[in-house]
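Structure assessment
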Amino acid sequence: MNKDLLRKLLVFTLLLLLSSNGFSQMKLLKKLFSSDVDTGRSGSFLPLPVIGYSQETGVEFGALSLYSFYTDRKDTLTRTSRITGIATFTSKKQTNFILKSDIWSPQNKYHYTGEIRYKNFPFNFYGIGNSTFESKLDPITQKLFKLNGGIEKRFGNTRYTGLTISFENYQFSDKAIGGIFSTDPSIFDKDGGKVLYIGFTQIIDNRNSNTYTTKGTFARMNYSYAPNIFGGDNFVGSLFKIDLRNFQSISKKTALAFNAHYQSLNGENTPFYLLPQLGGDEMMRGYYLGRYRDENLLALQ
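Computed from a predicted model, the values in this text were never measured in an experiment.

So, about empty space enclosed by the protein. All told, the structure shown has 1 cavity of 30 Å³ or more when counted by the stated rule. Size it by volume and the largest cavity reaches roughly 40 Å³. K194, V195, L196, A226, P227, N228, I229, F230, G231, N234, F235 and V236 are the residues that line the largest cavity. The leading source of residues in the lining of the largest cavity is strand 8 (residues 194–205), at 3 residues. Taken together, the residues that form the lining of the largest cavity break down as 8 nonpolar, 3 polar and 1 charged.

Despite not being glycine, Q107 has its phi angle at roughly 65 degrees, a positive value. Along the chain, Q107 falls in the loop between strand 4 (95–104) and strand 5 (110–125). For Q107, a relative accessible area of 32% gives the class partly exposed. Even without being glycine, D189 reaches a positive phi, approximately 65 degrees. Position of D189 relative to the elements: it lies in the loop between helix 2 (180–183) and strand 8.

Counting residues in hydrophobic clusters, the biggest one holds 19 residues, and the most contacted among them are F125, F172, Y197, F272 and L274. If you list the elements that add at least two residues to this core, you get strand 5, strand 6 (138–155), strand 7 (159–174), helix 2 and strand 8. Apart from residues no more than four positions distant in its own chain, F172 is found in contact with F123, I140, T141, Q142, F181, K190, D191, G192, F272 and Y273.

An order of 1-2-3-4-5-6-7-8-9-10-11-14 is seen for the 12 strands of this open sheet, with the pairing classed as antiparallel. Each edge of the sheet is formed by a strand with only one pairing partner; in this case those strands are strand 1 (44–54) and strand 14 (296–300). On average, adjacent strands in this sheet sit at an angle of 15 degrees to one another, irrespective of strand direction. In the sheet, strand 10 (residues 236–251) pairs with strand 11 (residues 254–268) via 15 bridges, with the strands oriented antiparallel. Bridging across to strand 11, L239 finds its partner in L265.

Turning to the environment of S54, a few remarks are in order. Considering the arrangement of structural elements, one finds S54 in strand 1. Sequence-wise, S54 and T90 are 36 residues apart; in three dimensions their C-alpha atoms are separated by 9.7 Å.

Our focus in this paragraph is the pairing of strand 8. Of the strand pairs in this sheet, strand 7 and strand 8 are connected by 11 bridges, and their pairing is antiparallel. For F167, the partnering residue across the bridge sits in strand 8 and is L196.

The subject of this paragraph is the pattern of salt bridges. Side chains that carry opposite charge are capable of pairing whenever their charged atoms lie near each other. Applying the stated criterion across every chain, the model contains 5 salt bridges. A salt bridge links R79 to D205, with the nearest nitrogen and oxygen atoms 2.6 Å apart. Of this pair, R79 sits in the loop between strand 2 (58–69) and strand 3 (81–90) while D205 is found in strand 8, placing the two residues 126 residues apart along the sequence. Neither R79 nor D205 differs from the other in exposure class; each is buried. The network of salt bridges with common partners includes R79, D205 and R207.

Moving on, we come to the side chain of N259. Considering the arrangement of structural elements, one finds N259 in strand 11. Accessibility expressed as a relative area gives 14% for N259, which makes it buried. At 2.7 Å, the side chain of N259 forms a polar contact with the backbone oxygen of L244. If we ignore the near neighbours within four places in the chain, the residues touching N259 are D243, L244, R245, M283, A299, L300 and Q301.

Our focus in this paragraph is the side chain of E168. Checked against the element boundaries, E168 lands in strand 7. Lacking a salt bridge, the buried E168 has K146 as its closest oppositely charged neighbour, with an N-O distance of 4.1 Å. Reaching out from E168, the side chain makes a polar contact with the side chain of Y170 at a distance of 2.6 Å. Excluding residues within four positions of it along the chain, E168 makes contact with F145, K146, G193, K194, V195, Y197 and L274.

It is worth spelling out the pairing of strand 14 at this point. Covered by surrounding structure in strand 14 are L297 and A299 only, the residues N296, L298 and L300 on the alternate face being uncovered. Where strand 11 meets strand 14, 5 bridges bridge the pair, whose relative direction is antiparallel. Of the residues in strand 14, the one forming a bridge with Y262 is L298.

Scoring rules and cut-offs
Residues numbered from 1 in each chain as written. Predicted model: local features only at pLDDT ≥ 70, side-chain atom pairs only at ≥ 80, totals over all residues. Heavy atoms only, no water. 1 Å grid on protein atoms, 1.4 Å probe; cavity = no way out; pocket = protein on both sides within 12 Å on 5 of 7 lines; lining within 4 Å. Points joined across faces, edges and corners; volume = space filled by probe spheres on them. Helix = DSSP H or I, 4+ residues; strand = E, 2+ residues; numbered from the N terminus. Nonpolar A, V, L, I, M, F, W, Y, C, P; charged D, E, K, R; others polar. Buried < 20%, exposed > 50% of the residue type's maximum accessible area, 1.4 Å probe, protein only. Core = buried A, V, L, I, M, F, W, Y, C linked by side-chain atoms within 4.5 Å. Contact = heavy atoms within 4.5 Å. Pairing = 2+ DSSP bridges. Axes fitted to C-alpha atoms, helices over the stretch in contact; angles between N-to-C directions. Salt bridge = Lys/Arg side-chain N within 4 Å of Asp/Glu carboxyl O. Polar contact = N/O pair within 3.5 Å; in protein donor to acceptor, adjacent residues only side chain to side chain. Lys, Arg positive; Asp, Glu negative; His and termini not counted.

In structure tokens, the structure reads:
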């Protein structure tokens with residue numbers, strides 16, 4: 001297809017989608033992220049188109065959807081629950097699918113989380129450690145299947161204790177043989193592998209809202225262990241995570257937030273793909289996800 005024609009088609013499609021859903025989407029966005037109290041506490045469904053382009057993927061298109069609701073509409077203290085879905089495809093036959101849930105039971109007595117993810121997508125690999133070079137960029141194709149879930153029970157007013165379980169399956173192929181990925185002997189398990197984590201979580205959470213936080217503290221500690229289930233060179237060891245967040249209200253419309261994140265991976269046969277990675281769309285967004293990776297990670301923002 002002619003590139004100019006393809007570009008015009010994408011622009012026309014985007015304008016059509018936005019014009020047909022724009023007013024309702026803006027109304028829902030304002031409702032989801034507003035600090036005002038939702039007296040009706042009704043559910044909301046927000047669909048959005050996803051369109052992009054990059055040299056590695058070609059044209060990427062798909063959809064994102066967000067369903068927001070309350071498990072108890074009468075209790076104003078019950079937090080907002082969400083189910084988020086993303087599905088995108090590319091002209092180079094790559095796929096990305098994510099379905100995530102974040103559900104609070106009535107009166108916030110229980111908190112349930114879940115995720116299903118399938119990803120057949122390229123990424124840029126720079127090596128391991130905190131002194132890797134931009135010039136060593138090596139494009140890698142990753143196939144990932146991930147399934148995880150968690151349940152936490154409230155004890156007292158602000159403390160939650162829970163269990164987590166996660167299964168991950170990775171496969172990799174080097175798109176440019178001769179780069180750092182294929183030549184560096186310190187990179188372990190280049191073909192991929194499987195891991196099953198079983199974890200314990202402890203949380204302190206006194207935020208005034210889980211969607212529009214202006215004051216309060218959230219502190220989450222998770223210890224997960226990967227037993228020797230799959231044998232061979234698959235990872236056996238532990239993963240320790242700490243997530244600290246504090247919010248201070250400065251004025252009626254302004255809040256100051258602080259976030260600290262720590263991860264530590266320990267065990268035998270540590271594969272490169274399980275190492276904590278700096279960057280991404282949530283923490284240290286100025287860095288490409290995986291620009292730096294190693295056994296220990298500390299990030300502040």
